[in-house]
Amino acid sequence: MSAARRLDPVLLLALPAVLYIAVIYGVPLLVLLGRSLLVGGVPSLAPFISFFSDGFSWIVIGNTVRISVLVTLLCLVIGYPTALALARTRGAMQALILVAIILPLSVGVVVKAFAWQIVLRRDGIVSQFMTGIGLWDEPQRLLFTEAGLVIGAANVFVPFMILPIYSVLKLIDPRLGEAAATLGASPFYRFFKVALPLSLPGIVTGIAFVFSMAASMYVIPSLLIGDRFQTLATLTGRSFLFMRNEQLGSTTAVVLLVLTVAVVVASASLSKRLGGAS
Amino acid sequence: MTLTERIASVTVWLLAIATVVFLLTPLVVTVAVSFGSSAVFTLPAPSWSLRWYQALGRSRELWPVVAASVQLAALSTAIALALGTLCAIGLLRSNFRGRDAVVTFLVSPLMLPGLVIGIAMLETFRAAGLRDVWASLILAHVVITLPYVIRTVYAALSLFDFTLIDAARTLGLSYPKAVLKVLVPALAPAFLTSGMFAFLASMDNYPISIFFTDAWTKTLPIQMLQYVEESPDPTIAAISTLLILLAVAVLIVGDRLVGLRRMADL
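Being a predicted model, the structure only gives us computed values, none of them experimental. (Residues numbered from 1 in each chain as written. Chains lettered and ligands numbered in written order. Predicted model: local features only at pLDDT ≥ 70, side-chain atom pairs only at ≥ 80, totals over all residues.)

Q: Would you take a moment to explain the overall build of chain A for this structure?
A: Across its full length, chain A holds 14 helices and 2 strands. Considering chain A as a whole, with its 278 residues, one finds that 46% of them fall into the buried category. Counting contacts in chain A only where the partners sit at least 6 residues apart, residues at least 24 apart contribute 71% of the total. (Helix = DSSP H or I, 4+ residues; strand = E, 2+ residues; numbered from the N terminus. Buried ≥ 20, exposed ≤ 12 C-beta atoms within 10 Å, placed from the backbone. Contact = placed C-beta atoms within 7 Å.)

Structure below.
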């Protein structure tokens, strides 16, 4: 049918935005990828070979992956119960949790990282609290440590773990749990056999969001851990902004791009498969 | 309720409440520091004072930067609202294979590392001979704002029943009037909410802007980070408190427009 094959004129409305994103965002990313595979105009893998054969690169990759995994785990541990509570409550309590998630999302990351600088100092409130309850013998500084970085980053990214999990949990029919209870399933059995499997697509999406954002963060490590600790993202930024080593920066940018795209694509297909199975 | 069930339920609630406190901590600390008299961020503050707000009012460096950021965010949000709304309507009203892939591509700037996007744009803009700071910033910031508009308006439109427009026309309205009376009111909340979030995202952007600003033209987050790294004092907390107030305003307006629960739909 020719009518069906002809492009709908209403699609012309989408054209300006699609062209804009393609030219201003798509083309530059392709150029970046293309140029990273060229040295002096000749196709070459040399920059990547030298990057991956350098011991320092592996320290940086290790830092990136370790911090991202820790941030993701912390977000999952505190985010899942929060999503569960959010899905099971109504009224003022639900509004409070929603405000606590949405309000920080609307506040800039520089503001929040700056606040964590104050909180994590030796005389900051975390240190005062821990010594106050007797867990620490003397005040400690968490600022400029990996633990401090993980706490600050998890604070910024945990909404991106809670919201996808909440969005699948709120769709689960509460009668499923009741049915399982009627059939004699224990609460733990019910959680692990009903709620948890059904919320897996949300968990996968949340993990992918948080992991890729933690791997890409630049402002948070700049303020909470400093120059001694490099990740792929901070090394990329510094190569361009301070070291003027654009060759290294382009290489690490491509490695970071490939890592985050792989995580996002893998999680999208995984959560689609998990969603389809339920 | 059995004992184990009660323990599990209490644990879930304790963790949820702890998370709420954790999430609000940086905001509360910022506000508290901004009203404290201590120049070294001592908490609890020895006494309360408005001196950092007075310092902020006198600042000659900060206000031009705030003005620049607001202009940039307003302009890039306006462009994004126009392009993004048309795009969402166009995509939703036409049905073709690969439409989902196109939508994913259009919102992908939200998911990829900002630094990498910034570097890619920097290299391409340079190669194209574009050196003007403002033009580069606006071109780049529309890439930040557009995905918010497309995502939210597209989601709202997919809930809209387009036969309502035909119904309005059957009842005697002309096509433009039918769109004005039926589609515009249905779309307005999503349009305004996405505009607010796009505006905030532009105001907040660091990793893309850093490649296009120079010593004379800076955006607010870049100036603020420089301040925090070079000469931290609670003036930064004062401006941060104003930004938190802006976020509170957005939250209240958003709640009125679409409700908190729909604002939580990522």
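Q: Please clarify how the overall build of chain B should be interpreted in this entry.
A: On a plain count of helices and strands, chain B comes out with 11 helices and 0 strands. In chain B, the succession of α and β elements from N to C terminus is α-α-α-α-α-α-α-α-α-α-α. Based on the C-alpha atoms only, the size of chain B along its principal axes is roughly 70 × 70 × 35 Å. Counting over 266 residues, chain B shows a buried share of 43%. Taking the intrachain contacts of chain B between residues at least 6 apart in sequence as the baseline, contacts between residues at least 24 apart amount to 74%.

Q: Can you walk me through the packing of helix 5 (residues 91-105) of chain A against helix 1 (residues 3-34) of chain B in this structure?
A: Axis angle and axis distance: for two packed helices, these are the angle between their axes and the distance between the axes, and together they describe the pair. Contact geometry of helix 5 of chain A with helix 1 of chain B gives a least axis separation of 9 Å together with a crossing angle of 35°. Once helix 5 of chain A is placed against helix 1 of chain B, the crossing between them reads as left-handed. Along its contact with helix 5 of chain A, which presents Leu96(A), Ile97(A), Ala100(A), Ile101(A), Leu103(A) and Pro104(A), the element helix 1 of chain B presents Ala16(B), Val20(B), Leu23(B), Leu24(B) and Leu27(B). Looking at the contact of helix 5 of chain A with helix 1 of chain B, its residues break down into 11 nonpolar, no polar and no charged. (Axes fitted to C-alpha atoms, helices over the stretch in contact; angles between N-to-C directions. Left-handed = near helix turned anticlockwise from the far one by under 90°. Nonpolar A, V, L, I, M, F, W, Y, C, P; charged D, E, K, R; others polar.)

Q: I keep staring at the interface of chain A and chain B and nothing clicks. Help me out?
A: Bring the parts together and some accessible area is lost; that lost area is often taken as the interface size. Each side of the interface is counted separately: chain A has 70 residues, and chain B has 75 residues. Per-element tally for the side of chain A that touches chain B: the top contributor is helix 2 (residues 15-36) of chain A, with 12 residues. Of the residues contributing to the side of chain A that touches chain B, the split by class is 57 nonpolar, 11 polar and 2 charged.

Q: Whenever I open this one, the UniProt feature "domain: ABC transmembrane type-1" (unreviewed entry) in chain A confuses me. Can you help?
A: The sites that UniProt annotates as "domain: ABC transmembrane type-1" (unreviewed entry) are residues 61-269 of chain A. Its end C-alpha atoms 25 Å apart, residues 61-269 of chain A is made of 78% helix and 0% strand. (UniProt positions renumbered as here; feature names shortened; annotations may be inferred.)

Q: Help me understand the UniProt feature "domain: ABC transmembrane type-1" (unreviewed entry) in chain B, please; the structure alone is not making it clear to me.
A: Here the UniProt feature "domain: ABC transmembrane type-1" (unreviewed entry) sits at residues 66-254 of chain B. The annotated region residues 66-254 of chain B carries 77% helix and 0% strand content, and the separation between its end C-alpha atoms amounts to 23 Å.

Q: So what exactly am I meant to see when it comes to the nonpolar core here?
A: A general tendency of soluble globular proteins is for nonpolar side chains to be buried together. Core analysis: the biggest nonpolar cluster contains 157 residues, and Phe157(A) and Val210(A) have the highest contact counts within it. Looking at which element gives the most residues to this core, the answer is helix 3 (residues 62-93) of chain B, with 14 residues. Here this core spans two domains, since at least three of its residues come from each of domain 1 (14-44) and domain 2 (56-277) of chain A. (Core = buried A, V, L, I, M, F, W, Y, C linked by C-beta atoms within 7 Å. Domains from an automatic or database assignment.)

Q: Would you mind going over the environment of Ser108(B) with me for this structure?
A: All names here are of chain B. Along the polypeptide, Ser108 turns up in the loop between helix 4 (99-107) and helix 5 (114-127). We classify Ser108 as partly exposed; it has 17 C-beta atoms within 10 Å. A sequence separation of 103 residues divides Ser108 from Glu5, and the C-alpha atoms of the two residues are 42 Å apart.

Q: Can you help me understand the domain arrangement of chain A in this one?
A: All names here are of chain A. Parsing chain A into structural domains produces domain 1 (14-44) and domain 2 (56-277). Once you take the C-alpha centre of each, domain 1 and domain 2 turn out to be 30 Å apart. Residue classes in the side of domain 1 that touches domain 2 are distributed as 2 nonpolar, 1 polar and 1 charged.

Q: For this particular structure, what's the right way to read the UniProt feature "transmembrane region" (unreviewed entry) in chain A?
A: Residues and elements named next belong to chain A. Following the UniProt record, one finds the feature "transmembrane region" (unreviewed entry) at residues 12-33, 45-61, 67-87, 96-119, 147-169, 198-220 and 248-270. What you have in residues 96-119 is 88% helix and 0% strand, and the ends, taken at the C-alpha atoms, are 23 Å apart. Between the first and last C-alpha atoms of residues 248-270 the distance is 33 Å; the span itself is 100% helix and 0% strand.

Q: Just to check I follow, could you spell out the UniProt feature "transmembrane region" (unreviewed entry) in chain B for this structure?
A: All names here are of chain B. Summarizing the sequence annotation, UniProt attributes the feature "transmembrane region" (unreviewed entry) to residues 12-42, 62-89, 101-122, 134-157, 178-201 and 235-253 in the numbering used throughout. Counting secondary structure, residues 62-89 comes out at 100% helix and 0% strand; the distance between its end C-alpha atoms is 40 Å. In residues 101-122, the share of helix is 73% and the share of strand is 0%. The end C-alpha atoms are 26 Å apart.

Q: Any chance you could explain the environment of Ala266(A) here in plain terms?
A: Topologically, Ala266(A) is positioned in helix 14 (residues 246-277). Measuring from C-alpha to C-alpha, the distance between Ala266(A) and Thr205(A) comes to 9.8 Å, with 61 residues separating the pair along the chain.

Q: Help me understand the confidence of the model for chain B, please; the structure alone is not making it clear to me.
A: Low-confidence regions, as indicated by low pLDDT, have predicted coordinates that should not be scrutinised in detail. Taken residue by residue, chain B gives an average pLDDT of 91. The fraction at 70 or more is 99%. Here the prediction assigns the complex a pTM of 0.92, and the interface score ipTM is 0.92. (pLDDT = per-residue confidence, 0-100.)

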